[in-house]
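# Fold and geometry: a report
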Amino acid sequence: MAQEIKSASQNSRNKRELGVQHLRSLVRFRKKIYPSKIQRNYKSLRVSPDEKQNFIFTVFELMTTLSKQDLDKQRSIPGFPIGSDEDIIALSDPPHYTACPNPFIDDFIKQNGSQYDQKSDYSATPYAKDVTSDKHDAVYNIISHHTKVPPKAIIRYILHYTKPGDLIYDGFCGTGMTGVAAQMCQNPEPEFKKIIENEMPGIKWGARNAILCDISPIATFIAHNLNNSINKDEFEKQAKQILEQVEQEYGWMYQTQHVEDGQIQYDTDGSKKPVMGKINYTVWSDVFLCPNCTQELVFWDIMYINNELVNQPKCPSCNINLKILDMEHVQVSKYDHILNHNTKQIKKIPVLINYTVNRGRKSARFNKKPDQFDLELIKKIDNTKIKDWYPSNPMMNKGERWGDTWRSGVHAGITHVHHFYTKRNLSLLSFLHKTIKRNGSLFHLRLLLLKNSFDPGFVSKLTRYNFCKRGNSPLSGTLYVPSFQVERLPNEVFKNKLKDFLFQFNSTYDYFVTTQSSTHIPQIPNNSIDYIFTDPPFGDNLMYSELNFIQESWLKVITNNKDEAIMNDTQKKELAEYQKLMTDCFTENHRILK
């Protein structure tokens, strides 16, 4: 091993400046578990003091590698995700996070857990107070996800039932707020600390150790990122560099000519160049057939007249009153370069462009109806083959009628992941994804999370136009494709979301994340967990694996939903199946709890 370390050490000296604070925190865990091994090789190599940081980093890299052999040992565990070994390993950040069952958890428990003592009294008085908490915490608001619980609500239960250093387990961790709450016990905000101490006199501050488990790879990916610390200044710098690259490559796709009173505006320098604006978003409208005269009807034209929504649309051709449920979508045939054949899609046309024109230090926003320039640009983009990889797998690996979220009216022709995007946005997002992956820095996982924080919800066909009443957003808990769809500029959404990511969360790194089913967690021994906080799924309330499928397809690691604890007609899971899965989860909880 000494020669391997010496060779690796010479090749990694340039990494010393990259995220030293992050590396020290990670190495701290491994130094506690393998002190003799590190010290033995450290002395045999006679590493100089100025090489010590590089040496520790090299040892850390060698000792926390997730290998295919590790995956083979975990493969039979329920909930092992769908994906290639290479993609699972690439997404993981061992030892704290693996995109599969985490093989390092046993070491973590041995180091941080306490022996179960049959004579000890592990009982506690029930915490019976009403808990309210605002949802304005920075780490809570960084990304939208299903049924999150604010960490400042969870922390009250943790402080009541545990002491510093205890092991906490959450088997349905979602975005990892239980881990965040456990770490917040170490360094709470001063004002919040005062509130808690007034509410709960006698509690003991100090970090707790959290094991976070979820069957969904996107959930555990988010959980790891939100429990982790980064250098926010370096992160912002790299994010902005990526934005510049994307703008240079695809900015031309989001330009439009400035029009006032129906006239194209030209530069005043005599060059006769049109004034160009940057598109903020484009509204697309479905096209229907009149059930009476079969005239094609642009839904926007019959529903939005004189800047107001009408209660009773009429056919402009035959003048009959229209009932939306009686109208059929117009479908068009489009060639799919990935599938290599024509596909039928619901006909949609652009009806409104919102754009910004910069004039010196000032800027102004305008609306316009798409003109010839815009239509030709869209045609050019549609005829251009996308250069970079993007997910094109069949929805839920089935295609048409993929699951309980599928609806015949709105999902006609949407059989694969890429069908949820316009060609323009898919081109930019695929390049953005490649640029983040190519970046290869310590921040690439956080940059991927930044992209996932708005994709697909705010840059796909799921985004609804809300007629300037509130933000354009998707319909929560569904994969609903609206008749008025907003195509937002991903660059601008990325830039706005970046502000949310520039908070400082001081991680204690006392957490581990594992991707597997809670029905069986063999890495956790009997009677080893001090406290369990969890928020389980509620029957058929949300179809998690379907709702997560698009995001997970970008990550190339997908939920194995055989042991997903929900009620779902497509999966043939009724109340009895849901009850058995939940019983298995709680039986396992009983086994590991002291």
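Residues numbered from 1 in each chain as written. Predicted model: local features only at pLDDT ≥ 70, side-chain atom pairs only at ≥ 80, totals over all residues. Heavy atoms only, no water.

Attention now goes to the overall build of the protein chain. Counting its secondary structure elements, the protein chain contains 21 helices and 17 strands. Counting every position in the protein chain, which comprises 594 residues, the buried fraction comes to 54%. Across the protein chain, contacts joining residues at least 24 apart in sequence account for 74% of those joining residues at least 6 apart. When the accessible surface of the protein chain is summed, it comes to about 28,500 Å², and 48% of that surface belongs to carbon and sulfur atoms. (Helix = DSSP H or I, 4+ residues; strand = E, 2+ residues; numbered from the N terminus. Buried < 20%, exposed > 50% of the residue type's maximum accessible area, 1.4 Å probe, protein only. Contact = heavy atoms within 4.5 Å. Areas by Shrake-Rupley, 256 points an atom, 1.4 Å probe, with all protein chains shown as cover.)

Our focus in this paragraph is the packing of aromatic side chains. According to the stated counting rule, one finds 23 aromatic pairs in the structure shown. Measuring from ring centre to ring centre gives 4.9 Å for Y304 and F467, while their planes differ by 45 degrees; the resulting arrangement is tilted. Of this pair, Y304 sits in strand β8 (residues 304–305) while F467 is found in the loop between α17 (444–452) and β15 (484–488), placing the two residues 163 residues apart along the sequence. Owing to a relative accessible area of 18%, Y304 belongs among the buried residues under this scheme. Here F467 falls in the buried class, since its relative accessible area comes to 15%. An angle of 80 degrees between the planes, with centres 6.1 Å apart, marks the rings of F454 and F494 as edge-to-face. Here the residue F454 occupies a position in the loop between α17 and β15, and F494 occupies one in helix α18 (residues 490–501), the gap between them amounting to 40 residues. Its relative accessible area of 0% is what places F454 among the buried residues. Under the relative-accessibility criterion, F494 is labelled buried at 1%. Through successive ring pairs, a cluster of aromatic residues spans Y281, F288, F299, W300, Y304, Y465, F467 and F484. (Phe/Tyr/Trp six-rings, centres within 6.5 Å; stacked < 30°, edge-to-face > 60°.)

Turning next to unusual backbone geometry. With an omega of 5 degrees, the peptide bond running from P94 to P95 counts as cis. Relative to the elements of secondary structure, P95 occurs in the loop between α6 (85–91) and α7 (105–112). In this model, D455 is joined to P456 through a cis peptide bond whose omega is 15 degrees. Along the polypeptide, P456 turns up in the loop between α17 and β15. Phi at N340 is positive, roughly 65 degrees, even though this residue is not glycine. Relative to the assigned elements, N340 resides in the loop between β11 (331–336) and β12 (341–346). The phi torsion at K556 lies on the positive side, around 70 degrees, for a residue other than glycine. Relative to the helices and strands, K556 is located in the loop between α20 (549–555) and α21 (575–592).

The element helix α12 (residues 217–227) is extensively covered by neighbouring structure, given that 11 of its 11 residues are classed as buried. For α12, every residue scored as buried is listed here: P217, I218, A219, T220, F221, I222, A223, H224, N225, L226 and N227.

This next bit is on the nonpolar core. Y169, I211, F221, F420 and I524 are the most contacted members of the largest nonpolar core, which totals 118 residues. Ignoring sequence-local partners within four residues, the contact set of Y169 consists of I211, C213, S518, I521, I524, I529, Y531, I532, F533, N589 and I592. Counting 22 residues, the second-largest nonpolar core is a separate cluster that includes V287, L322, V330 and Y465. (Core = buried A, V, L, I, M, F, W, Y, C linked by side-chain atoms within 4.5 Å.)

The next subject is the environment of H337. The topology assignment puts H337 in the loop between β11 and β12. Considering only alpha carbons, one finds H337 and N383, 46 residues apart in sequence, at a separation of 9.9 Å.

Bringing the sheet that holds strand β1 (residues 167–170) into the picture now. In space, the four strands of this open sheet follow the order β16-β2-β1-β17, with parallel pairing throughout. Two strands lie at the open edges of the sheet, namely β16 (511–515) and β17 (531–532), each paired on one side alone. Alignment of strand β2 (residues 209–214) against β16, held across five bridges, turns out to be parallel. Bridge pairing in β16 links C213 to T514. (Pairing = 2+ DSSP bridges.)

Turning next to the environment of E487. Counting through the fold element by element, E487 comes out in strand β15. Note on E487: relative accessible area 4%, which makes it buried. Counting along the chain gives 63 residues from E487 to R424, while the straight-line C-alpha distance between them is 8.9 Å. Not counting the four nearest positions on each side in its chain, E487 is found in contact with N280, Y281, T282, W284, T422, R424 and N425. A distance of 3.1 Å separates polar atoms of two side chains, one belonging to E487 and the other to W284. (Polar contact = N/O pair within 3.5 Å; in protein donor to acceptor, adjacent residues only side chain to side chain.)

Side chains that are three or four residues apart share a direction in an α-helix, a result of its 3.6 residues per turn. Taken residue by residue, α7 has I105, F108, I109 and N112 as its buried positions. One side of α7 holds all its buried residues, which, seen down the axis, span an arc of 95 degrees. (Arc of directions from axis to C-beta.)

What follows is about the side chain of E552. With respect to the helices and strands, the residue E552 is situated in helix α20. The side chain of E552 sits in the buried core without any salt bridge; K573 is the nearest counter-charge, 13 Å away. The contacts of E552, once residues within four sequence positions are left out, are S216, P217, I218, V557, I558 and T559. (Lys, Arg positive; Asp, Glu negative; His and termini not counted. Salt bridge = Lys/Arg side-chain N within 4 Å of Asp/Glu carboxyl O.)

Between α17 and α18, the least distance of the axes is 9 Å, while the angle of their chain directions is 120 degrees. With respect to each other, α17 and α18 are oriented oblique. For the crossing formed where α17 meets α18, the hand is right-handed. In contact with R446, L449 and L450 of α17, α18 contributes F494, K497, L498 and F501. Here the residues of the contact of α17 with α18 are counted per class, giving five nonpolar, no polar and two charged. (Axes fitted to C-alpha atoms, helices over the stretch in contact; angles between N-to-C directions. Parallel < 35°, antiparallel > 145°, perpendicular 65-115°, else oblique. Left-handed = near helix turned anticlockwise from the far one by under 90°. Nonpolar A, V, L, I, M, F, W, Y, C, P; charged D, E, K, R; others polar.)

Any functional reading would require information beyond the geometric quantities listed.
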